[in-house]
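Listed here are the chains, written in short residue letters.
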Amino acid sequence: MKTSAPPKHSKIVILDFGSQYTQVIARRIRELQVYSEVVSFDLPAAEIKNLHPNGIILSGGPASVYDKGAPQIDPEIFSLGIPVLGICYGLMQMAHHLGGRVVFTGRREYGAGMLHITNGSQLFDGLGNQLDVWNSHGDEVTALPKGFLAAGRTESSDFAAVEDRQRKLYGLQFHPEVAHTPRGKEILQNFVYHICHCAMDWTMGSFIEEACERVRRQVGDEKVVLGLSGGVDSSVTAALLHKAIGDQLTCIFVNNGLLRAREEEIVQRVFGENFHVRLKYVDATERFLTALKGVTDPEQKRKVIGNEFIAVFQHATEELLAQDRQNNARKLAAASPSGGGHGHYKFLAQGTLYPDVIESVSIGGNPAAVIKSHHNVGGLPEKMHFELVEPVRQLFKDEVRQVGLQLGLPKEIVYRQPFPGPGLAVRILGEVTPERLSILREADTIVQSEMKASDWYYRVWQSFAVLLPVRSVGVMGDQRTYDNTIVLRIVESQDGMTADWVRLPYELLARISSRISNEVKGVNRVCFDISSKPPSTIEWE
Ligand code: XMP
């Protein structure tokens, strides 16, 4: 597993027992400026020791310790002399393996509760006598292991918080990581700073320096190619790699003809002109639109676009190679040093983020991972025998944004909303034609500009227009019209997995609607999508 941070950092290792909140725990610790890393629940104690953590947190999880095949910890972990905090199922694991008694109550306690703090545990320093907490558990501890004391109780449990001060083992039946435990952050702070003695040494400034060193070590004097989409992740990856290896990086930006208005201009301006990144711009509009002719099935559209992308990308790297060979030949003729590299692109850079890494280490069958797989244009590394460079794979999205800002990327890029790889094609229901693209692009531009002008753009997850294959009757002046329908899709979400439609002010909706029907030729009706995800998806295709 390639997740180790330099040992000079303080570090908390989180064992993932499959809780929906594991990532939240990891983020809360990072917010305390302490590096956190999620590993699988069954990582052996010896390997955990090798990671040199200052502390270990055991996440919650949906299982009961008595379930057949329930995830079980390596009990040696409790003898490493490293502080451990078990949360929910993590506490049950601790009690179960250390000789306490855990019973399956048969009912799941779920919701708000009140914790009465009973014996001044260091975990609750500065928190008074009682706390609002959030419960979500099925098992319950009914007898403590030897050496443990109760530290807090709730109405339904005498052992809602427990500790063995000697061995620095702590357990909470409730979830300190969620917002419904309002002072949970302070509990985690007490654990991380005062019990584990972590320093606040995880900052994006130090990350940038270390990431650059790591990339230089990995890449040596080889060349790296990156598919730049203009999205946050690939943009920050490009800026970071450029800082680390300069012209050993070449970015390829493919205009697939399915971009938002002026997108290609923005990317070329920011990366080519401002950052002086080696940027190869490929206008493949014709090729994509030809391949999409007559295609109406959503999955087929994605397949066509994915395949075209790989072909175009492959061709672009071959052109780069040919160009490099020519340059090298010229340099050799002038008897100058080779300028680095062996003439081929050994590495492909990708803006993989930590949530994707966590999903792949988590216990199997995480449905989120399955839903996401179709979203990336896969196949490039295998097809072209690249090795991967993934400099931001340790980071959460908010951390990537901070890195982007520190590297000098404009807000326009750093805070942009997600935009799908297949672009406007999945927002045009039915066939993608130049005329229909042009209608959607104009409508989309109006949505973006009104959202930005009102500052709502930065408060929502995504806001965009969709073009339906539906025409309806309208009236314009004295004329009857029979024109297209635009839908506004504006949603809030944490991670794109679930979403809700945003209750935008009526005045803003009215302005967007009237501008679209007045300014976009061919549209006479604007609708507002009031579906959440699930059951709907965010995109319409
Ligand atoms: P859905 O529509 O599945 O979208 O609710 C969830 C999030 O993923 C984005 N999305 C995509 N991103 N390629 C991508 O890179 C895709 O094919 C794709 N489809 C959806 C969507 O915009 C939303 O943020």
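Analysis parameters
- Residues numbered from 1 in each chain as written.
- Predicted model: local features only at pLDDT ≥ 70, side-chain atom pairs only at ≥ 80, totals over all residues.
- Heavy atoms only, no water.
- Domains from an automatic or database assignment.
- Contact = heavy atoms within 4.5 Å.
- Buried area = accessible area lost by both parts, 1.4 Å probe.
- Salt bridge = Lys/Arg side-chain N within 4 Å of Asp/Glu carboxyl O.
- Polar contact = N/O pair within 3.5 Å; in protein donor to acceptor, adjacent residues only side chain to side chain.
- Helix = DSSP H or I, 4+ residues; strand = E, 2+ residues; numbered from the N terminus.
- Nonpolar A, V, L, I, M, F, W, Y, C, P; charged D, E, K, R; others polar.
- Pairing = 2+ DSSP bridges.
- Near = heavy atom within 4 Å.
- Buried < 20%, exposed > 50% of the residue type's maximum accessible area, 1.4 Å probe, protein only.
- Right-handed = clockwise from strand over helix to strand, strands pointing away.
- Patch = residues over 30% accessible without salt bridge, like charges linked within 9 Å, V, L, I, M, F, W, Y side chains within 5 Å.
- Areas by Shrake-Rupley, 256 points an atom, 1.4 Å probe, with all protein chains shown as cover.
- Axes fitted to C-alpha atoms, helices over the stretch in contact; angles between N-to-C directions.
- Left-handed = near helix turned anticlockwise from the far one by under 90°.
- Expected span 1.5 Å × (residues − 1).
- Core = buried A, V, L, I, M, F, W, Y, C linked by side-chain atoms within 4.5 Å.
- pLDDT = per-residue confidence, 0-100.

Draft legend 1. A look at the domain arrangement of the protein chain. Taken as a whole, the protein chain is organised into domain 1 (11-195), domain 2 (204-414) and domain 3 (433-528). Placing a centre on the C-alpha atoms of domain 1 and another on those of domain 2 gives a separation of 40 Å. The partner domain 2 presents 12 residues to the 14 residues of domain 1 that form the contact. For the pair domain 1 and domain 2, the two sides together bury roughly 1100 Å², of which 56% comes from carbon and sulfur. Where domain 1 packs against domain 2, one counts one salt bridge. A salt bridge links Arg30 to Glu399; the nearest nitrogen and oxygen atoms lie 2.7 Å apart. At the boundary of domain 1 with domain 2, the tally comes to four residue pairs in polar contact (both at pLDDT 80 or more). Of all the secondary-structure elements, those providing two or more residues to the side of domain 1 that touches domain 2 are α1 (22-31) and β2 (35-40). It is β2 that provides the largest number of residues to the side of domain 1 that touches domain 2, a total of five residues. Looking at the side of domain 1 that touches domain 2 residue by residue, the classes come out as six nonpolar, four polar and four charged.

Draft legend 2. Spatial organisation of the pairing of strand β15 (residues 462-476). As defined by bridge partners, β15 adjoins strand β16 (residues 479-492) across 12 bridges and the pair is classed as antiparallel. Counterpart to Ala465 in the pairing with β16 is Leu488. Hairpin connection of β15 to β16: two residues between the antiparallel strands, including Gly477 at a positive phi of 65°.

Draft legend 3. Geometry of unusual backbone geometry. In this structure, the amide linkage connecting Lys533 to the following residue, Pro534, adopts the cis form with an omega of -15°. Summarising the element assignment, Pro534 is placed in the segment after β18 (523-528). The step from Pro534 to Pro535 runs through a cis peptide bond, and the omega angle for that step is 10°. Note that Pro535 resides in the segment after β18.

Draft legend 4. Inspection of the site of the ligand at higher detail. Taken together, 13 residues surround the ligand, and among them Arg302, Gln462, Lys533, Ile538 and Glu539 come closest. One of the side-chain N or O atoms of Arg302 is found 2.8 Å from an oxygen atom in the ligand. Between Lys533 and the ligand, the recorded distance is 2.6 Å, taken from a side-chain N or O atom to an oxygen atom.

Draft legend 5. Seen up close, the pairing of strand β1 (residues 11-16). The buried fraction of β1 amounts to six of the six residues, a majority that puts the element mostly inside the structure. Where β1 and β2 come together, six bridges link them in parallel fashion. Bridge pairing links Leu15 to Val39 in β2. Read from β1 through α1 to β2, the crossover connection turns out right-handed. Note: β1 against strand β3 (residues 55-58), four bridges, orientation parallel.

Draft legend 6. A nonpolar patch on the surface, seen in detail. A contiguous nonpolar surface patch, about 250 Å² in accessible area, is contributed by Leu405, Tyr415 and Tyr458. Secondary-structure assignment places Tyr415 in the loop between α14 (411-414) and α15 (434-453). Given a relative accessible area of 34%, Tyr415 falls into the partly exposed group.

Draft legend 7. Here's a closer look at the packing of helix α8 (residues 285-292) against helix α9 (residues 298-333). With their axes 10 Å apart at the nearest point, α8 and α9 run at an angle of 150° to one another. Along this stretch, α8 crosses α9, giving a crossing that reads as right-handed. Listed contacts from α9 to Arg287, Phe288, Ala291 and Leu292 of α8 are Lys301, Val304, Ile305, Glu308, Phe309, Ala311 and Val312. Considered class by class, the residues forming the contact of α8 with α9 number eight nonpolar, no polar and three charged.

Draft legend 8. Local environment of helix α6 (residues 232-245). Taking 1.5 Å per residue as the helical rise, α6 with its 14 residues ought to reach 20 Å, and the 20 Å between its terminal C-alpha atoms agrees with that figure. Most of α6 sits inside the fold, with 12 of its 14 residues counted as buried. Of all the residues in α6, the buried ones are Val232, Ser234, Ser235, Val236, Thr237, Ala238, Ala239, Leu240, Leu241, His242, Ala244 and Ile245. One or two positions beyond α6, positive phi appears at Gly246, with a value near 55°.

Draft legend 9. Just the nonpolar core, in detail. Formed by 48 residues in total, the largest nonpolar core has its most connected members in Met451, Ile486 and Ile516. Breaking this core down by element, the ones donating at least two residues are β11 (249-255), α8, α9, β13 (345-349), α15, β15, β16 and α16 (506-519). Each of two domains, domain 2 (204-414) and domain 3 (433-528), supplies a minimum of three residues to this core. Setting aside residues no more than four positions away along its own chain, Ile516 makes contact with Ala443, Ile446, Val447, Ile486, Leu488, Val523 and Val526. By size, the runner-up hydrophobic cluster in this structure holds 42 residues, among which are Leu240, Val267, Val389 and Leu395.

Draft legend 10. Geometry of the sheet that holds β13. Spatially, β12-β11-β10-β13-β14 is the arrangement adopted by the five strands of the open sheet, whose pairing is parallel. The sheet is open, and its two edges are formed by β12 (278-283) and β14 (387-389), each paired on a single side. Neighbour-to-neighbour, the strand axes of this sheet turn through a mean angle of 30°, independent of strand direction. The pairing of strand β10 (residues 223-227) with β13 spans four bridges and is parallel. Each bridged residue has a counterpart across the sheet, and for Val224 the counterpart in β13 is Phe347.

Draft legend 11. Region of the structure containing the confidence of the model for the protein chain. Mean pLDDT over the protein chain stands at 92; residues scoring 70 or higher make up 93%. The model gives residues 336-342 a pLDDT under 50, and that stretch makes 11 contacts with residues more than four places away or in other chains.

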